[in-house]
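Breakdown of the fold
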Amino acid sequence: MSAPQVKGWCPGAFRPMMSGDGLVVRVRPPLGAISAAQATGLADLAERHGSGVVETTARANLQLRGVSEVAYPALMQDLRALGLLGDADSEARRNLVLDPFRAPGTEEIARGLLEGLSRSEFSGLPGKFGFVIDPGTPRRLAGISGDIRIEGAAGGMILRADGSATGRRLRDSEEAVTQALDLARWFLNSGGVGADGRGRMARHLMGGRGLLPSGLCGDVAPAEPVPAPAPGPRDGGLCAAAAFGQFSAAALRTLAEAGGPIRVTPYRMLYLPDVMIQPDHPDLILDPQDPLRRVQACTGAPGCPQASVTTRDLARRLARRIPDGQIWHISGCAKGCAFPRNADLTLVGRDGAFDLVKQGTPWDDPIRRGLSPLEIDKQIRP
Ligand code: SF4
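Keep in mind the model is a prediction, meaning the values are calculated, not measured.

Looking now at the sheet that holds strand β4 (residues 53-56). Spatially, 5 strands are ordered β1-β2-β5-β4-β13 in an open sheet, and the strand pairing comes out antiparallel. The open sheet has two free edges, formed respectively by β1 (17-19) and β13 (246-248), since each of these has just one partner strand. Across the sheet, the mean angle separating the axes of adjacent strands is 35° when strand polarity is ignored. The pairing of strand β2 (residues 22-27) with strand β5 (residues 62-67) spans 4 bridges and is classified as antiparallel. Each bridged residue has a counterpart across the sheet, and for R26 the counterpart in β5 is Q63. Sheet strands touched by helix α2 (residues 72-81): β2 and β5. Its angle to β2, the strand with the most contacts, is close to 15°.

Rendered as structure tokens:
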């Protein structure tokens, strides 16, 4: 399988990424939430400057795509007016994923980390280096990538470096912040960042280059994980999804009218903690049984320059054939952005056709190669 291009950084508002359909401009909402007014504003900006959709990302951010270089400066001005831009430096380090259902301590820890990470000593953290704040039990963010993890465990929170099976117990939110920052400092000082500016905690520990000091590790196992939530009512609020995590401007406005705040989840859904009614818009998925929930697909061609195949048209066609309980993944290339983990069936674009992987990831060895979309339609059975 040919290796996909790995950039080692994530596009941000200040560092947009050129894609096949224009710039991708990512917004990292402070504390992972936006107000109803900001949601309406973003919907307007997506229509005015972009492709008319607001995408949710696997790291609980929002992004506009299809932005022209001419429109970009005005978009930045409008994002700032909406209160969705910090400064370039702190935005790059605002790489936190919060429990969208807000187990006690979640926001307090996030605030402390944001304040700490704004210090210049942390400016060397790699662009993809992230924190997961998941202090409740059971764990809700177990499948979400993150280098420093504050997680629930029997008897309280723990701090766990990604790559370690266990972590050290934490007394309270204050200690969680202090210890997480100490761990980030240790990562920097122990050579976790390569000459190319990249680095991840698990790789650092696995390579044996870093041996965690006794104060930053422990023997407490994290709590059991729970599967990602389904769309529909949840914890007194509402989880709302959209096909492939893309919310049309009109659908986002409908959610905003139902009432803010709106929390961005890493499950490519939005969570409205104060909304019990079911907002009505055809682009919203509120039924957990919706067939489009069983298929994941990245942007594909022509939006992504690394793709040689279109993905979402095939995903829509296949969705109704996917058995209950299975997940299929249509990936434009072996990088697997939309679902970087095992799926029951994965189709990976390569040289204008698809390779087929069963029970694996897009970068695993395929059992069949070079299938055309027509052959897939005719032959693929679960
Ligand atoms: S997985 Fe899809 S979106 Fe990601 S780089 Fe490959 S083609 Fe592009």
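The discussion continues.
Within strand β20 (residues 353-360), 6 of the 8 residues are buried, which leaves it mostly tucked inside the rest of the structure. Bridge count between strand β19 (residues 343-350) and β20: 7 bridges; the pairing is antiparallel. In the strand pairing of β20, T346 is matched with V357. From the end of β19 to the start of β20, which pair antiparallel, there are 2 residues, and D351 there has a positive phi angle of about 50°. One ladder, built from 2 bridges, connects β20 with strand β21 (residues 368-371); its direction is antiparallel. The partner of L356 across the bridge, within β21, is R368.

Right, let's get into the sheet that holds β21. One open sheet holds the 5 strands; their spatial order is β17-β18-β19-β20-β21, and the pairing between them is mixed. At either end of the open sheet lies a strand with only one pairing partner, and these are β17 (295-297) and β21. Adjacent strand axes in the sheet meet at a mean angle of 20° when their direction is disregarded.

Moving on, we come to the site of the ligand. Around the ligand sit C298, C304, Q306, A307, S331, G332, C333, K335, G336 and C337, and that is every residue in its neighbourhood. Taken together, the residues that form the shell around the ligand break down as 5 nonpolar, 4 polar and 1 charged.

A few words now on the nonpolar core. By size, the foremost hydrophobic cluster in this structure holds 69 residues, and its most contacted members are L79, L270, I330 and L347. Those residues in contact with L79 that lie beyond four places of it in its chain are V25, V27, L42, L45, L84 and L85. Among the nonpolar cores identified, the runner-up in size contains 30 residues, and L117, F122, I148 and F187 belong to it.

Split into domains, the protein chain comes out as domain 1 (17-83 + 235-285), domain 2 (102-216) and domain 3 (291-379). Once you take the C-alpha centre of each, domain 2 and domain 3 turn out to be 33 Å apart.

Here helix α4 (residues 106-117) contains 12 residues, and its C-alpha end-to-end distance of 16 Å stays within 8% of the 16 Å for a straight helix at 1.5 Å per residue. For α4, the elements touching its buried residues are β6 (96-98), β7 (131-134), β8 (148-153), β9 (156-161) and α5 (173-189).

Per the stated rule, a full pass over the model turns up 24 salt bridges. Its salt-bridge partner being R253, residue D44 comes within 3.0 Å of it at the nearest N-O pair. One end of the pair, D44, is in helix α1 (residues 36-49); the other, R253, is in helix α7 (residues 249-258), with 209 residues separating them in the sequence. For R350, the salt bridge goes to D351, with nearest N and O atoms at 3.7 Å. Overall, R350 belongs to the partly exposed group, its relative accessible area being 25%. Using a relative accessible area of 69% as the deciding quantity, one classes D351 as exposed. Three or more residues are tied together by salt bridges with common partners; here these are D99, R140, R234 and D235.

How each quantity is defined
- Residues numbered from 1 in each chain as written.
- Predicted model: local features only at pLDDT ≥ 70, side-chain atom pairs only at ≥ 80, totals over all residues.
- Heavy atoms only, no water.
- Pairing = 2+ DSSP bridges.
- Helix = DSSP H or I, 4+ residues; strand = E, 2+ residues; numbered from the N terminus.
- Axes fitted to C-alpha atoms, helices over the stretch in contact; angles between N-to-C directions.
- Contact = heavy atoms within 4.5 Å.
- Buried < 20%, exposed > 50% of the residue type's maximum accessible area, 1.4 Å probe, protein only.
- Near = heavy atom within 4 Å.
- Nonpolar A, V, L, I, M, F, W, Y, C, P; charged D, E, K, R; others polar.
- Core = buried A, V, L, I, M, F, W, Y, C linked by side-chain atoms within 4.5 Å.
- Domains from an automatic or database assignment.
- Expected span 1.5 Å × (residues − 1).
- Salt bridge = Lys/Arg side-chain N within 4 Å of Asp/Glu carboxyl O.

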